[in-house]
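Each chain is listed here by its residues.
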Amino acid sequence: MHLSLTEAETLVVEALQRNGVSAENARSVAVALAAAEAAGQGGHGLRRVPAYAGQAKAGKTDGLAVPKMSRPFPAVLRIDAGNGYAYPALDLAVAELPHIACEQGIALAAISRSHHAGVMGLTVERFADLGLVALMVANAPAAMAPWGGKAPVFGTNPIAFAAPLPGDDPIVIDLALSKVARGKVMAARQQGAPIPAGWAFDRKGRPTTSAEEALEGTMAPSGDAKGAALALMVEILAAGLTGANYAFEASSLFDDKGAPPALGHTIIAINPAAMSAVDTAQRLTLLASEITRDPDVRLPGRRGQSSRRLALAEGITVEDEVIEAITRL
């Protein structure tokens, strides 16, 4: 089905509100999920709505939660998402961190008791649009084993980064530390499709092309041992230092069983003017121009940015079964 972004957002808002989510939270979630669809990241988009709504209805996620903020140090915000969705907490961080970064030179948000962080490139890009450099990490329910192991301990634990370019779209880097985001495996299962070889292992640590077996087993880390080490780093930054659940303590984001996931996110926003006496904008432009001297090279983030511009003008196409699942809620 073809929808405008406004129609997609309305569809999500109405479905969530029918399942015990406040209007404000439903709007925050809807904007984020529709933006994920527009960026070509359907695994983090409207396919998530049935699980999100089911968790609110069951009480696993608090659809009425209001994130609470404190400022224990001049450059640090602590945000308690209240076991609600991540997006209202992320909206609060985007609203509050920039003026602290401009004042202090750097600002950090430590977010706890949160949920699915979604397409984090969209979050860090909001800081870059304000002239800031931003780095974000988040943990997720256990889906990846330490290198050499079979039991999941780490999440796919994404890292996102954005830097502004004067007169151009920001550079945006967004990657999961598994070879692919787990949402792509979830989407394959919903479609009844196999997954490519190399994405995941089954419960016994054997490579599999079955999405079902992959979701019961573990994801393959990007870069093998290096990816597993980076996942540990993210686990420490996103959960160990924020007080959030570790990946192996968190419940699934895909069903309504168990306690709230209570995941963590850390965002660092940097004012470029604080780091050097030279014109950092010019320096970043020089680097970008050197990279793109080769006509076959594209700066990270450009595909999603182009996709979003097209979606804003022409709308998005969402699979009929996804729309039907949302309207049945």
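Since this is a predicted model, take the numbers as computed values, not measurements.

1. Concerning the packing of helix H2 (residues 23–38) against helix H4 (residues 86–104)
The relative placement of two packed helices comes down to the angle between their axes together with the axis-to-axis distance. Between H2 and H4, the shortest axis-to-axis distance is 8 Å and the interhelical angle comes to 85 degrees. In this view, H2 runs roughly perpendicular relative to H4, as classed from their interaxial angle. From H2, Asn25, Ser28, Val29, Ala32 and Leu33 reach across to H4, where they touch Tyr87, Pro88 and Asp91. Residue composition of the contact of H2 with H4, grouped by class: five nonpolar, two polar and one charged.

2. Here's the deal with the sheet that holds strand E10 (residues 218–219)
Strands belonging to one sheet form pairs held by backbone hydrogen bonds; the direction of such a pair is parallel or antiparallel. On the basis of which strands lie adjacent, the open sheet formed by three strands has the order E9-E8-E10 and antiparallel pairing. Every interior strand has two partners, whereas the edge strands, strand E9 (207–208) and E10, have only one. Inspection of the sheet shows strand E8 (residues 200–201) paired to E10 by two bridges, in the antiparallel sense. Within E10, the residue paired with Phe201 across the bridge is Thr218.

3. Topic: the environment of Ala23
Topologically, Ala23 is positioned in helix H2. Taking the C-alpha atoms as reference, Ala23 lies 18 Å from Lys68; in sequence the two are 45 residues apart.

4. Concerning the layout of surface pockets
Considering only enclosed or pocket space, the second largest pocket measures out at about 480 Å³ in volume. Taken together, 25 residues form the lining of the second largest pocket, with Val31, Ala35, Leu122, Arg126 and Arg308 sitting closest to its centre. Those elements that provide at least two residues to the lining of the second largest pocket are helix H1 (5–17), H2, H4, helix H5 (120–128) and helix H10 (302–314). Here the lining of the second largest pocket gets seven residues from one element, more than from any other, and that element is H2. Of the residues that constitute the lining of the second largest pocket, the class distribution is twelve nonpolar, four polar and nine charged.

5. Describing the pattern of salt bridges
Under the defined criterion, the tally for this structure stands at 14 salt bridges. The residue Arg189 makes a salt bridge to Glu212 at a minimum N-O spacing of 3.9 Å. Placement of the pair is Arg189 in helix H6 (residues 182–191) and Glu212 in helix H7 (residues 211–216), with a sequence separation of 23 residues. Residue classification places Glu212 among the partly exposed positions, given a relative accessible area of 40%. Here Lys257 and Asp256 are joined by a salt bridge, their closest N and O atoms 3.1 Å apart. Judged by its relative accessible area of 57%, Lys257 falls in the exposed class. Bridged by salt links that share partners, the residues Arg47, Glu319 and Glu321 form one connected network.

6. Some remarks on the side chain of Thr266
Among the structural elements, Thr266 can be located in strand E11 (residues 263–270). Residue classification places Thr266 among the buried residues on the basis of a relative accessible area of 6%. Residues within four places of Thr266 in sequence aside, it is in contact with Leu108, Ala109, Leu135, Met136, Val137, Leu237, Ala238 and Thr242.

7. Focus on H4
For H4, built from 19 residues, the straight-helix expectation of 27 Å at 1.5 Å per residue is met to within 8% by its first-to-last C-alpha distance of 26 Å. The largest bend in H4 comes to about 35 degrees, at Leu97, with the proline Pro98 one to four residues further on. Every buried residue of H4 is listed here: Ala86, Tyr87, Pro88, Ala89, Leu90, Leu92, Ala93, Val94, Leu97, Pro98, Ile100 and Ala101. Gly105 sits one or two positions beyond H4 and adopts a positive phi of about 95 degrees.

8. A short note on the nonpolar core
Within the largest apolar cluster, 58 residues are counted, with the highest numbers of intra-cluster contacts made by Leu16, Leu46 and Ile267. Among the elements that take part in this core, H4 stands out by supplying ten residues, more than any other. Once residues within four sequence positions are removed from consideration, Leu46 is found in contact with Ala8, Leu11, Val12, Leu33, Ala34, Glu37, Val318, Val322 and Ile326. Counting eleven residues, the second largest nonpolar core, distinct from the first, contains Ala143, Ala188, Ile195 and Met219.

9. Re the packing of aromatic side chains
In this structure the tally under the stated criterion is two aromatic pairs. With a centroid separation of 5.2 Å and 25 degrees between ring planes, the pair formed by Tyr52 and Tyr85 is classed as stacked. Residue Tyr52 is located in helix H3 (residues 49–58), and its partner Tyr85 is located in the loop between strand E3 (76–80) and H4; the two are separated by 33 residues in the primary sequence. With a relative accessible area of 1%, Tyr52 lands in the buried category.

10. Side note on the sheet that holds strand E2 (residues 68–73)
Read across the sheet, seven strands follow the order E2-E3-E4-E11-E5-E6-E7 without closing on themselves; strand pairing throughout is mixed. This sheet does not close on itself; its edge strands, each paired only once, are E2 and strand E7 (168–175). Averaged over all adjacent pairs, the angle separating strand axes in this sheet is 15 degrees, with direction ignored. With four bridges connecting them, strand E5 (residues 133–138) and strand E6 (residues 159–165) associate as antiparallel partners. Across the sheet, residue Ala134 finds its bridge partner in E6, namely Ala162. Most of the contacts of H4 go to strand E4 (residues 106–114), to which it runs at about 160 degrees, and overall it touches E2, E3, E4, E5 and E11.

The rules behind each value
In this convention, every chain numbers its residues from 1, walking through the sequence in written order. Predicted model: local features are reported for residues with pLDDT of at least 70 only, side-chain atom pairs are reported and counted for 80 or more only, and whole-chain, interface and lining totals are derived from all residues. Water and hydrogen atoms play no part in the side-chain values, which are based on all heavy atoms of the structure. Working convention: axes come from line fits to C-alpha atoms, limited for helices to the stretch in contact. Angles between N-to-C directions cover 0 to 180 degrees. The helix and strand labels rest on DSSP assignments: H or I over at least four residues marks a helix, E over at least two residues marks a strand, and numbering proceeds from the N terminus. Any angle from 65 to 115 degrees is called roughly perpendicular, while one under 35 is roughly parallel, one over 145 is roughly antiparallel, and all others are oblique. By definition, residues are in contact when any of their heavy atoms lie within 4.5 Å. All residues other than Ala, Val, Leu, Ile, Met, Phe, Trp, Tyr, Cys, Pro, Asp, Glu, Lys and Arg, Gly among them, are scored as polar; the first ten of these are nonpolar and the last four charged. Two strands qualify as a pair provided DSSP detects at least 2 bridges between them. Lining residues are defined by having an atom within 4 Å of a point belonging to a cavity or pocket. Those points lie on a 1 Å grid over the protein atoms alone, cavities being sets where a 1.4 Å probe fits but cannot get out and pockets being open sets with protein on both sides within 12 Å along at least five of seven lines. Grid points are joined across faces, edges and corners, and a volume is the space filled by probe spheres set on the points. Any Lys or Arg side-chain nitrogen located within 4 Å of an Asp or Glu carboxyl oxygen qualifies as a salt bridge. Throughout, exposure labels follow a simple rule: accessible area from a 1.4 Å probe, protein chains only, divided by the maximum for the residue type, with under 20% read as buried, over 50% as exposed, and the rest as partly exposed. In this scheme, a helix's expected span is set at 1.5 Å multiplied by one less than its residue total. Think of it this way: the bend at a residue is just the angle between two axes, each fitted to seven residues, one set ending at that residue and the other starting at it. For this analysis, a nonpolar core means a set of buried residues of the types Ala, Val, Leu, Ile, Met, Phe, Trp, Tyr and Cys, connected via side-chain atoms within 4.5 Å. Centre distance within 6.5 Å is the pairing criterion for rings of Phe, Tyr and Trp, where only the six-membered ring of Trp is used; planes under 30 degrees apart are then read as stacked, over 60 as edge-to-face, and the remainder as tilted.

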